Protein chains: 2
Amino acid sequence: MKGIVIEKAGGPDVLKLVELDDPPLGDDEVLIRIAATAVNRIDLQCRLFGSRNSFNGGLYIPGLECSGIIIAVGQGVTEWKVGDKVCALLNGAGYAEQVAVSAKMVLPVPSNVPLTHAASLPEAAHNAWKVISEAQLVRGRKLLLHECCGYVGLFVLQMAKCKGAVVYVTAETDEKLDFYKRHGADICINCKNEDLVTRVMEETRMEGIDVVVDSWAVNLEKDLKILSDWGKLLFVDLHGPKGGNLYLTAVMTKQARVQVLNRWWKTLDRAACIVDHLKKEVWPEIENGSVKPVVYETLPLSEAAAAHKLMELTDYGQDMWSVIGYFVPWLGHYACTGKVAGHVMGKILLTPDFEES
Amino acid sequence: MKGIVIEKAGGPDVLKLVELDDPPLGDDEVLIRIAATAVNRIDLQCRLFGSRNSFNGGLYIPGLECSGIIIAVGQGVTEWKVGDKVCALLNGAGYAEQVAVSAKMVLPVPSNVPLTHAASLPEAAHNAWKVISEAQLVRGRKLLLHECCGYVGLFVLQMAKCKGAVVYVTAETDEKLDFYKRHGADICINCKNEDLVTRVMEETRMEGIDVVVDSWAVNLEKDLKILSDWGKLLFVDLHGPKGGNLYLTAVMTKQARVQVLNRWWKTLDRAACIVDHLKKEVWPEIENGSVKPVVYETLPLSEAAAAHKLMELTDYGQDMWSVIGYFVPWLGHYACTGKVAGHVMGKILLTPDFEES
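Residues numbered from 1 in each chain as written. Chains lettered and ligands numbered in written order. Predicted model: local features only at pLDDT ≥ 70, side-chain atom pairs only at ≥ 80, totals over all residues. Heavy atoms only, no water.

(A) Molecular detail of the overall build of chain A. Summing up its helical and strand segments, chain A has ten helices and 18 strands in all. Across the 357 residues in chain A, those meeting the buried criterion constitute 61%. In chain A, the proportion of contacts linking residues at least 24 apart, taken out of those at least 6 apart, comes to 73%. Here chain A displays about 13,900 Å² of accessible surface, and carbon together with sulfur accounts for 51% of that area. (Helix = DSSP H or I, 4+ residues; strand = E, 2+ residues; numbered from the N terminus. Buried < 20%, exposed > 50% of the residue type's maximum accessible area, 1.4 Å probe, protein only. Contact = heavy atoms within 4.5 Å. Areas by Shrake-Rupley, 256 points an atom, 1.4 Å probe, with all protein chains shown as cover.)

(B) Summary view of the relation of the copies chain A and chain B. By a simple turn and slide, chain A fits onto chain B: the slide is 0.0 Å along the axis, the RMSD is 0.1 Å, and the turn is 180°. Read as a symmetry element, the transformation amounts to a two-fold axis. (Least-squares fit on C-alpha atoms with pLDDT ≥ 70 in both.)

(C) Spotlight on the interface of chain A and chain B. At the junction of the two partners, chain A supplies 32 residues and chain B supplies 32 residues. When the two sides are added together, the surface that chain A and chain B hide from each other amounts to roughly 2,800 Å², 53% of it contributed by carbon and sulfur. Interface area lost by chain A to chain B is led by Leu248(A), Met252(A) and Gln255(A), which between them contribute 24%. Between chain A and chain B we count two salt bridges in total. In this assembly, chain A and chain B are joined by twelve residue pairs in polar contact (both at pLDDT 80 or more). Secondary structure elements with two or more residues in the side of chain A that touches chain B: α2 (122-135), β12 (227-236), β13 (245-247), α7 (248-254) and β14 (257-261) of chain A. (Buried area = accessible area lost by both parts, 1.4 Å probe. Salt bridge = Lys/Arg side-chain N within 4 Å of Asp/Glu carboxyl O. Polar contact = N/O pair within 3.5 Å; in protein donor to acceptor, adjacent residues only side chain to side chain.)

(D) Structural context of the pairing of strand β11 (residues 209-214) of chain B. Residue and element names in this part refer to chain B. Within β11, six of the six residues are buried, leaving the element largely enclosed by the surrounding structure. Where strand β8 (residues 142-146) meets β11, three bridges bridge the pair, whose relative direction is parallel. Directly across from Leu145, in β11, lies its bridge partner Val213. Both β11 and strand β12 (residues 227-236) contribute to a ladder of five bridges, which runs parallel. The partner of Ile209 across the bridge, within β12, is Leu227. (Pairing = 2+ DSSP bridges.)

(E) Layout of the packing of aromatic side chains. Residues and elements named next belong to chain B. Taken as a whole and assessed by the stated rule, the structure comprises four aromatic pairs over all chains. Judged by centre distance (5.5 Å) and plane angle (50°), the ring pair of Tyr151 and Phe155 falls under tilted. Residue Tyr151 and its partner Phe155 are both found in helix α3 (residues 150-162); the two are separated by four residues, about one turn of the helix. On the basis of relative accessible area, Tyr151 is assigned to the buried category, the value being 11%. Residue Phe155 is classed as buried on the basis of its relative accessible area, which comes to 0%. (Phe/Tyr/Trp six-rings, centres within 6.5 Å; stacked < 30°, edge-to-face > 60°.)

(F) Just the nonpolar core, in detail. The biggest cluster of nonpolar side chains holds 68 residues, and the ones touching the most others in it are Leu145(B) and Tyr180(B). Counting residues domain by domain, this core receives three or more from each of domain 1 (2-121 + 293-351) and domain 2 (124-261) of chain B. Not counting the four nearest positions on each side in its chain, Leu145(B) is found in contact with Gly153(B), Val156(B), Leu157(B), Val167(B), Tyr168(B), Val169(B), Thr170(B) and Val213(B). One finds Cys87(A), Trp129(A), Ile132(A) and Val282(A) within the second-largest nonpolar core, a separate group that totals 67 residues. (Core = buried A, V, L, I, M, F, W, Y, C linked by side-chain atoms within 4.5 Å. Domains from an automatic or database assignment.)

(G) Inspection of the side chain of Glu65(B) at higher detail. All names here are of chain B. For Glu65, the position within the fold is in strand β4 (residues 65-73). Classification of Glu65 as buried rests on a relative accessible area of 0%. A polar contact is formed between the side chain of Glu65 and the backbone nitrogen of Glu123, at a distance of 2.8 Å. When residues no more than four places from it in sequence are discounted, the contact partners of Glu65 are Thr37, Ala38, Asn40, Ala88, Leu90, Ala119, Ser120, Leu121, Pro122, Glu123, Ala124 and Lys347.

(H) Broad picture of the pattern of salt bridges. Residues and elements named next belong to chain B. Counting across every chain of the model gives 26 salt bridges over all chains. Salt-bridge contacts for Lys142 lead to Glu207; the nearest nitrogen and oxygen are separated by 3.1 Å. Here Lys142, found in strand β8, pairs with Glu207, found in the loop between α5 (196-203) and β11; they are 65 residues apart in sequence, far enough to count as distant. The class of Lys142 is buried, set by a relative accessible area of 11%.

(I) Geometry of the packing of α2(A) against helix α3 (residues 150-162) of chain A. Residue and element names in this part refer to chain A. Put simply, α2 and α3 touch, their axes get as near as 8 Å, and they point 55° apart. Relative to α3, the element α2 is oriented oblique. Crossing handedness for the pair α2 and α3: right-handed. Listed contacts from α3 to Ala124, Ala125, Asn127, Ala128, Trp129, Val131 and Ile132 of α2 are Tyr151, Val152, Phe155, Val156, Met159 and Ala160. (Axes fitted to C-alpha atoms, helices over the stretch in contact; angles between N-to-C directions. Parallel < 35°, antiparallel > 145°, perpendicular 65-115°, else oblique. Left-handed = near helix turned anticlockwise from the far one by under 90°.)

(J) Broad picture of the pairing of strand β18 (residues 347-351) of chain B. All names here are of chain B. Among the five residues of β18, five are classified as buried, and the element is accordingly described as predominantly covered. Burial of the side chains of β18 extends over both faces: Lys347, Leu349 and Thr351 are buried on one face and Ile348 and Leu350 on the other. Looking at chain direction, strand β3 (residues 29-38) and β18 are connected through two bridges and run antiparallel. When the bridges of β18 are listed, Ala38 appears paired with Leu349. Pairing analysis gives five bridges linking strand β15 (residues 295-300) to β18, with the strands arranged parallel. Across the sheet, residue Thr298 finds its bridge partner in β18, namely Leu349.

(K) Representation of the confidence of the model for chain A in the model. Residues with a pLDDT of 70 or more make up 86% of chain A, whose mean pLDDT is 86. Note on residues 52-56 of chain A: pLDDT is under 50 here. Beyond four places in sequence and across chains, it has 14 contacts. (pLDDT = per-residue confidence, 0-100.)

(L) Region of interest: the side chain of Ser215(B). Residue and element names in this part refer to chain B. By the element assignment, Ser215 lies in the loop between β11 and α6 (220-226). Judged by relative accessible area, Ser215 falls into the buried class, the value being 3%. Engagement of the side chain of Ser215 in a polar contact is seen with the backbone oxygen of Val236, the distance being 3.1 Å.

(M) Up close: the sheet that holds strand β14 (residues 257-261) of chain B. The mixed open sheet is built from twelve strands, whose spatial order is β10(A)-β9(A)-β8(A)-β11(A)-β12(A)-β14(A)-β14(B)-β12(B)-β11(B)-β8(B)-β9(B)-β10(B). Only two strands of the sheet have a single partner each, and these edge strands are β10 (187-190) of chain A together with β10 (187-190) of chain B. Neighbour-to-neighbour, the strand axes of the sheet open up by a mean angle of 15°, direction not taken into account. Of the strands in this sheet, β8 (142-146), β9 (166-171) and β12 of chain A are in contact with α3(A), which crosses β8(A) at around 165°.

Structure below.
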């Protein structure tokens, strides 16, 4: 089969399309013929820095989620059969034509979602579910999403509305605020034109926000000002320059709770538990149309480098580079691994359609 | 009446015993003839830095809790009567012969606690209750207290044992570990002789600690290593050099929850709610002997300066000064506002016994 591999860290051009052996199938695994995979910020970070999913002496195939059709099942698998349309959480290896994955990581494709679009669901749903369960939202509780936290934020926004929360979003352009508004945002704040603290305090009648969600940790000081007493500050992964340094004395005044959520699981059982929650609590909201996947662009897998460039470069405000960018010596310039000012609105998908093309 | 006042920030000698007007009694207040008040670290910080309870243009009387006998009740007070033995949370003004306080801040003296010793209960119980309710302890859950977090830690320790938790404590002397052992600690770790991380990982079979409680934020790196996934890092007030700076990326690996609790309430209703919880959830444990107040020393109110010196200076390890100490210009040296290496084991009480002495 064909697949995209990374041999050494670097810019988008280190993504190489090569011929690979078909993946071996374990007893508890299913083999999926991939219809689509999705580009996640972590793919970019991983490509640039080689961290976490390091290229341990060999090739690394990126890709943390996919959709497709089951073409083989291991001997121990009873819950899935050949022909099932599924999507799955992966530990890499999604940028390829086939992938073998534990049956526990697999989810059905919701009936109202096209097969390829389902590749955009697992990662976002899983991260958003973590935020929603930590946020303990009830009707009327106030949640603020900074720049909507990218695609995960878009899911948090939709799921928070299902819980009856009042959702505040911030962005730096009215175009993005309109986009969030269409997906249910109640209060939209343009941080370029308005003072965040003043506006929030006015809107909340000085009560502040119950839960602030961020991924960049560049607003820490303001976040603590707009947070209500005993409020929660949640971070979904962290893409800021140093991950953000939190001055605990400032946290003390509000007796705030702070938590940084990541997408990693340390055991398969933990992952299976997450998948189970998604099936029970998120999939029904997708089936009934309350939570919708949003696809920004679909590219062939052979253009993975172009997809990474798109995510890195689109509309990226120069003034944000110094805040968010990483200086990468081998690139000779700041590279951003996602965009605050203008990140893509929706998911970028890759389809391994070599036979057809 | 007599009382201790602070006119300007400084060393222990700024505490002056003076003659004051008797406090006026509000409609919803009770007037307490004070049997004892207690020295809290915040008194020392406040004396040194003038922060928070700043001496707003006038005199400030320290003292955040007291015990005594009610000698008058306001017109609106129905739940207390003259002659009742009580203790109370105060917003300052405890270093005196009398204090007027909202009836909502008052608690009965437990039947098995001497009147003066009851002055050591409100602050510690209130802070410990916050920790316990945040820690969500159940039987077998693992809690670690650094240096037992002073007197509050001693209460947390005893209350955690009531909940069936497994309590780990750290200290730098065996004498202190013995003290904590006598009050119920399960695993005692001498951080001078043993490596905290190695010992904890051995004892917990690599599972780590569910809840780490600290007040100094000087162990942040190790705390994150010993914490279990999704564990909690709780700080009770903060006495570290800068309050501690938390690198959020390190928090992410464990998806840890971080919270800094303080002793402040912003409204009387919030304070009343806390007092209510103490009555229902902590006072019964004191009545049945599971949680015991521990008095380290009792001094006359006129010797408040000596009491502050005792808390500042006893056994303070020179090597800790640079970590914990504050350089205070007008003192010309580092002052510590509490001790990590050898803080007093129990509460220091002050009794305004001028008539008797």
